[in-house]
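Here is how the chains run, residue by residue.
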Amino acid sequence: MYHHYFSTPKDFPRPFIHITADHNGIIGVDFVNQVNEKERKNVHTEQCIKELEQYFDGERDNFSVILNPSGTHFQKRVWQQLGEIPYGQCWSYKELAIALGSANFCRAVGMANSRNPIALIIPCHRVIGHDGKLVGYSGGLDIKSWLLDYEKNGNSRKIG
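None of the values given here were measured: they were computed from a predicted structure. (Residues numbered from 1 in each chain as written. Predicted model: local features only at pLDDT ≥ 70, side-chain atom pairs only at ≥ 80, totals over all residues. Heavy atoms only, no water.)

**Concerning the sheet that holds strand β2 (residues 16–22)**
Our working definition: The criterion for strand pairing is that DSSP finds at least two bridges linking the strands in question. The helix count covers DSSP runs of H or I at least four residues long, the strand count covers runs of E at least two residues long, and both are numbered beginning at the N terminus. Helix axes use the C-alpha atoms of the stretch in contact, all axes being lines fitted to C-alpha atoms, and the angles between their N-to-C directions lie in the range 0 to 180 degrees. Working rule for contacts: check all heavy atoms of both residues, and any pair within 4.5 Å makes them a contact.
On the basis of which strands lie adjacent, the open sheet formed by three strands has the order β1-β2-β3 and antiparallel pairing. Of all the strands in the sheet, just β1 (2–7) and β3 (25–32) have a single pairing partner and so form its edges. When strand polarity is set aside, the average angle formed by the axes of neighbouring strands in this sheet is 20°. Both β1 and β2 contribute to a ladder of six bridges, which runs antiparallel. Looking at the pairing, Tyr5 lines up with His18 of β2. In the packing of helix α1 (residues 43–56) onto the sheet, the strands contacted are β1, β2 and β3, and the crossing angle to β2 comes to about 150°.

What follows is the structure, given as structure tokens:
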């Protein structure tokens, strides 16, 4: 198992992003307040670090690092579809469910979204309630709000 801690921008709600990888790709990205273990990098964590730096510098709006999340077939379909939500935009759970084949999938989509092990890179923060309100984010609504604002209104953006 490989680990790296990425230092976030000063105004970001958590000081670190914890990146976890195996030999096949990134298996986890989450937001933490402190470094808890010795870092051990590999090619996947190094690539992830580079892409996160570019993202926070306003030079990247999507990620190409190899991902290897653990989940059910349906969860992986949801996580893949999350990558189709354009940068700076939001979809409702219903819109995501319809994109996966049926509005009846809303509840299952919500559950899969909440179990996304690779925050930010698999952009589950771009999913909001049908009424436009911020709902459910395992990293915390403060992070979700920051990310959505950054992607929509970032003043120092270089992309685009």
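Here the narrative resumes.
**Digging into the side chain of Arg60**
Threshold: Burial status follows relative accessibility: with a 1.4 Å probe on protein chains alone, a residue under 20% of its type maximum counts as buried, one over 50% as exposed, and anything between as partly exposed. For this analysis, a polar contact is any N or O atom pair within 3.5 Å, provided that within protein one partner can donate a hydrogen and the other can accept it, and provided that sequence-adjacent residues contribute only side-chain to side-chain pairs.
Following the sequence through the fold, Arg60 ends up in the loop between α1 and α2 (73–82). By relative accessible area, Arg60 is classed as buried at 17%. At a separation of 2.7 Å, a polar atom in the side chain of Arg60 contacts the side chain of Gln54. Polar contacts involving the side chain of Arg60 include one to the main-chain carbonyl oxygen of Asn62, which spans 2.9 Å.

**Remarks on unusual backbone geometry**
Here Leu120, not a glycine, exhibits a phi torsion of approximately 70°, which is positive. By the secondary structure assignment, Leu120 is in the loop between α4 (106–114) and β5 (127–128). Under the relative-accessibility criterion, Leu120 is labelled buried at 1%.

**Focus: α1**
Applicable threshold: Helices are assigned an expected span. That span is 1.5 Å times one less than the residue count.
Taking 1.5 Å per residue as the helical rise, α1 with its 14 residues ought to reach 20 Å, and the 20 Å between its terminal C-alpha atoms agrees with that figure. Of the surrounding secondary structure, the elements contacted by the buried residues of α1 are β1, β2, β3 and α5 (141–153). The backbone nitrogen of His44 lies 2.9 Å from a side-chain oxygen of the residue at the head of α1, namely Asn42. Following α1 by one or two positions, Gly58 adopts a phi angle in the positive range, close to 75°.

**A short note on the pattern of salt bridges**
Under the convention used in this document: Salt bridge, as used here: a side-chain nitrogen of Lys or Arg that lies within 4 Å of a carboxyl oxygen of Asp or Glu.
Under the defined criterion, the tally for this structure stands at three salt bridges. Between Arg14 and Asp142 there is a salt bridge; the shortest N-O distance is 2.9 Å. Here Arg14, found in the loop between β1 and β2, pairs with Asp142, found in helix α5; they are 128 residues apart in sequence, far enough to count as distant. Judged by its relative accessible area of 39%, Asp142 falls in the partly exposed class. One salt bridge connects Glu151 with Arg126, and the closest N-O pair in it is separated by 2.8 Å. You can see Glu151 sitting in helix α5 and its partner Arg126 sitting in the loop between α4 and β5, a full 25 residues away along the chain. There is no split in this pair, since Glu151 and Arg126 are both buried.

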